[in-house]
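Overview (structure and organization)
Each chain is listed here by its residues.
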Amino acid sequence: MNFTSPRRRFASAAVAGIALTGLLSACGGSGSGDDAASKSGPVTLPFWGWANGQEAVVKAFNASHKDVRLKYTKVTDQLTMQKQLTNAVKAGNAPCLVQNTAEYVTSWVSQDALADITQYVDGEKGEFNTGAWASAQVQGKLYGVPTSSAPQFTIYRTDIFKKYGLEPPATWDDFIAAGKVLKKHNIKITNYAGEDPSTLEVLAMQAGAHWYAIDGNAWKVNFQDEGTLKAAKVIQEIIDNDLNAKLSFADYAAVQRSYDSGATATRQISTWQMAGMVQNFTKSFGDWALAPWPTYRGEAAKTPAGTNLTGSVTLVTKQCENQEQAAKAALWMSTNQDAVKTMASPETGNGVMPALKDSGSYVGESISQKLLGKNYEPAQKVVTDSLGTVTTDWTFGPNWTAMFTELQAGWAKVVNKEQKVTELLAHMQEWTVKDLKSRGISVKG
């Protein structure tokens, strides 16, 4: 909720044991790369990415490897990446390694653009946390190496909550009740940007929804399952009662001022989003604390797999002639201690949590003591605990990008009270099934 971009989900894409044939698209052959051992001289692996810190990591890799070298090209952002990679794949000159986020993995597999690198990296599964490892998979096959995790939590204004006798909301019912109290004092409990429907996505994910699943040899689409409707009810009540601000991230400074001034009192975020708060705040340092994500009433803690502006996976393309070397290079970048520290630090990288199983050891470096003040120490436990409750069974469909664009248009109408969440979901059900069929993809729904 309240993210800086509508394109940064980090979630699982793993569905094991089902053949790809007919589920994604009419794909080509297996595309196994040439053996680099038959070539003379060091292997050069083109690598495209956009995250801060990657150039330093590439430099360190090249300094420590004689037979393999990375050639780094920095791309503007992840949306630009998808466009440039599309053109490169069509032209037959895709790079070997590509930074990306989990939402795009299935789409690229459906276009037969990625290499199955399971045989090269599967033995390292124990090095990574479960949610991150799943993000690089489609149907149990690995197409890349996870690079980062996205622990999710609530950050809230302790001074405002104390002033009005409120506790951090343990459930969504508590969240709504607190929002109604704050409304009396002209304070919004959250912000719903009209261009960003990730709120609906992550609350549905937390509630156990499955917008996409695989049923036999077809995709199953369901935007109206029990979990999604549970999420819709929470969101609709917040909107109907005017508990949310409607500030667009197009004016990022205005959104940050709303939090800093106390006009909006909470966010559901991950570690990397705290950097924007630190960089833009002037008044409220030390007034913020972390709490777990609110749960649905009567349910155990469950954190949506969340979001990540930086890449969550380093993918290996099918056009790469040296797939084994590329897979091992990706593995090195995600596991080498110095490389991981470079990317985890907000000074040298993007302040992201690594994908490693022991990523909890990086929590202290990834959250801001300046922002949290005396709440810094207890905040570390909140972040660590959230890593153990992450959703691992969310699947991104093969037309996710197009679907999300359509969802954005409808979400703006929901935020502006021009339609109900359930009306948007009914539309998305019909639209998504129709779109998949138009692409020649087998679908039920």
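Let us look at the structure shown here. (Residues numbered from 1 in each chain as written. Predicted model: local features only at pLDDT ≥ 70, side-chain atom pairs only at ≥ 80, totals over all residues. Heavy atoms only, no water.)

The final tally for this structure, using the stated rule, is 19 aromatic pairs. An angle of 80° between the planes, with centres 5.2 Å apart, marks the rings of Phe61 and Trp332 as edge-to-face. Within this pair, whereas Phe61 is found in helix 1 (residues 54–64), its partner Trp332 is found in helix 12 (residues 323–335), the two being separated by 271 residues in sequence. For the ring pair Tyr212 and Trp219, a centre distance of 6.1 Å and an interplane angle of 90° mean the geometry is edge-to-face. Here the two residues Tyr212 and Trp219 agree in accessibility, since each one is buried. Grouping aromatic residues by their ring pairs yields a cluster made of Trp211, Tyr212, Trp219, Phe223, Trp394, Phe396, Trp400 and Phe404. Over the ring of Phe285 we find Lys370; its NZ or CZ atom is 4.5 Å from the centre of that ring. (Phe/Tyr/Trp six-rings, centres within 6.5 Å; stacked < 30°, edge-to-face > 60°. Helix = DSSP H or I, 4+ residues; strand = E, 2+ residues; numbered from the N terminus. Buried < 20%, exposed > 50% of the residue type's maximum accessible area, 1.4 Å probe, protein only. Lys NZ or Arg CZ within 6 Å of the ring centre and 35° of its normal.)

In this section: empty space enclosed by the protein. For the structure on display, the rule yields 1 cavity of 30 Å³ or more. The space that makes up the largest cavity amounts to roughly 260 Å³. Around the largest cavity, the lining is made up of 21 residues, and of these Gln54, Thr147, Met333, Ser334 and Met343 lie nearest the centre. Of all the secondary structure elements, the ones that give two or more residues to the lining of the largest cavity are helix 1, strand 15 (313–316), helix 12, helix 13 (337–344) and strand 16 (353–354). In terms of residue count, helix 13 provides more of the lining of the largest cavity than any other element does, 4 residues in total. Considering only residue class, the lining of the largest cavity consists of 12 nonpolar, 9 polar and no charged. (1 Å grid on protein atoms, 1.4 Å probe; cavity = no way out; pocket = protein on both sides within 12 Å on 5 of 7 lines; lining within 4 Å. Points joined across faces, edges and corners; volume = space filled by probe spheres on them. Nonpolar A, V, L, I, M, F, W, Y, C, P; charged D, E, K, R; others polar.)

In space, the 3 strands of this open sheet follow the order 10-11-17, with mixed pairing throughout. Unpaired on one side and paired on the other, strand 10 (212–215) and strand 17 (443–444) mark the two borders of the sheet. Two elements, strand 11 (residues 218–221) and strand 17, share 2 bridges in a ladder whose sense is parallel. By the bridge assignment for strand 17, Trp219 is matched with Val443. Contacts from helix 18 (residues 421–438) reach strand 10, strand 11 and strand 17, with the element oriented near 165° to strand 11. (Pairing = 2+ DSSP bridges. Contact = heavy atoms within 4.5 Å. Axes fitted to C-alpha atoms, helices over the stretch in contact; angles between N-to-C directions.)

In this section: helix 2 (residues 78–91). Side chains that are three or four residues apart share a direction in an α-helix, a result of its 3.6 residues per turn. Taking 1.5 Å as the rise per residue, helix 2 with 14 residues should run 20 Å; its terminal C-alpha atoms sit 20 Å apart, in good agreement. Taken as a whole, helix 2 has its buried residues at Gln78, Met81, Gln82, Leu85 and Ala88. Relative to the axis of helix 2, the buried residues are bounded by an arc of 135° and lie together on one face. More than 90 degrees from the buried face of helix 2, the exposed residues found are Lys83, Asn87, Lys90 and Ala91. Residues of helix 2 that are buried make contact with strand 1 (43–49), strand 3 (97–100) and helix 3 (105–110). Between a side-chain oxygen at the N-terminus of helix 2 and the backbone nitrogen of Thr80 the separation is 2.8 Å; the capping residue is Asp77. One or two residues past the end of helix 2 sits Gly92, with phi positive at roughly 80°. (Expected span 1.5 Å × (residues − 1). Arc of directions from axis to C-beta. Polar contact = N/O pair within 3.5 Å; in protein donor to acceptor, adjacent residues only side chain to side chain.)

The next point concerns unusual backbone geometry. Here the phi dihedral of Asn186 falls at roughly 60°; this positive angle occurs in a residue that is not glycine. Summarising the element assignment, Asn186 is placed in the loop between helix 7 (172–183) and strand 9 (190–191). Take Asn186: its relative accessible area is 74%, and that puts it in the exposed class. Look at Asp242: it is not a glycine, yet its phi comes out positive at around 55°. Within the element layout of this structure, Asp242 appears in the loop between helix 9 (226–240) and strand 12 (244–245). Overall, the relative accessible area of 33% leaves Asp242 in the partly exposed class.

Here the focus is the pattern of salt bridges. Inspection of the entire model under this criterion finds 11 salt bridges. Linking Asp159 and Arg157 is a salt bridge whose minimum nitrogen-to-oxygen distance equals 2.8 Å. Its relative accessible area of 6% is what places Arg157 among the buried residues. Salt-bridge contacts for Lys417 lead to Asp242; the nearest nitrogen and oxygen are separated by 2.7 Å. One end of the pair, Lys417, is in the loop between helix 17 (400–415) and helix 18; the other, Asp242, is in the loop between helix 9 and strand 12, and 175 residues separate them in sequence. Accessibility expressed as a relative area gives 45% for Lys417, which makes it partly exposed. (Salt bridge = Lys/Arg side-chain N within 4 Å of Asp/Glu carboxyl O.)

One open sheet accounts for 5 strands, arranged 2-1-3-15-6; its pairing is mixed. Since the sheet does not close on itself, it has two edges, and those belong to strand 2 (68–74) and strand 6 (144–146), each with one partner. Adjacent strand axes in the sheet meet at a mean angle of 20°, parallel and antiparallel pairs treated alike. Bridge count between strand 1 and strand 2: 7 bridges; the pairing is parallel. Its bridge partner being in strand 2, Phe47 is matched across the sheet by Tyr72.

Burial runs high along strand 13 (residues 266–270): 5 of the 5 residues are buried. With burial as the criterion, each face of strand 13 is covered, one bearing Thr266, Gln268 and Ser270 and the other bearing Arg267 and Ile269. For strand 8 (residues 152–157) and strand 13, the ladder comprises 5 bridges, and the chain directions are antiparallel. Note on strand 13: the bridge partner recorded for Tyr156 is Thr266.

Turning to the packing of helix 1 against helix 12, a few remarks are in order. Where helix 1 contacts helix 12, the axes come no closer than 11 Å and their chain directions differ by 120°. As for how helix 1 packs across helix 12, the hand of that crossing is right-handed. Across the interface between the two elements, Val57, Ala60, Phe61 and Ser64 from helix 1 touch Ala329, Trp332 and Met333 from helix 12. (Left-handed = near helix turned anticlockwise from the far one by under 90°.)

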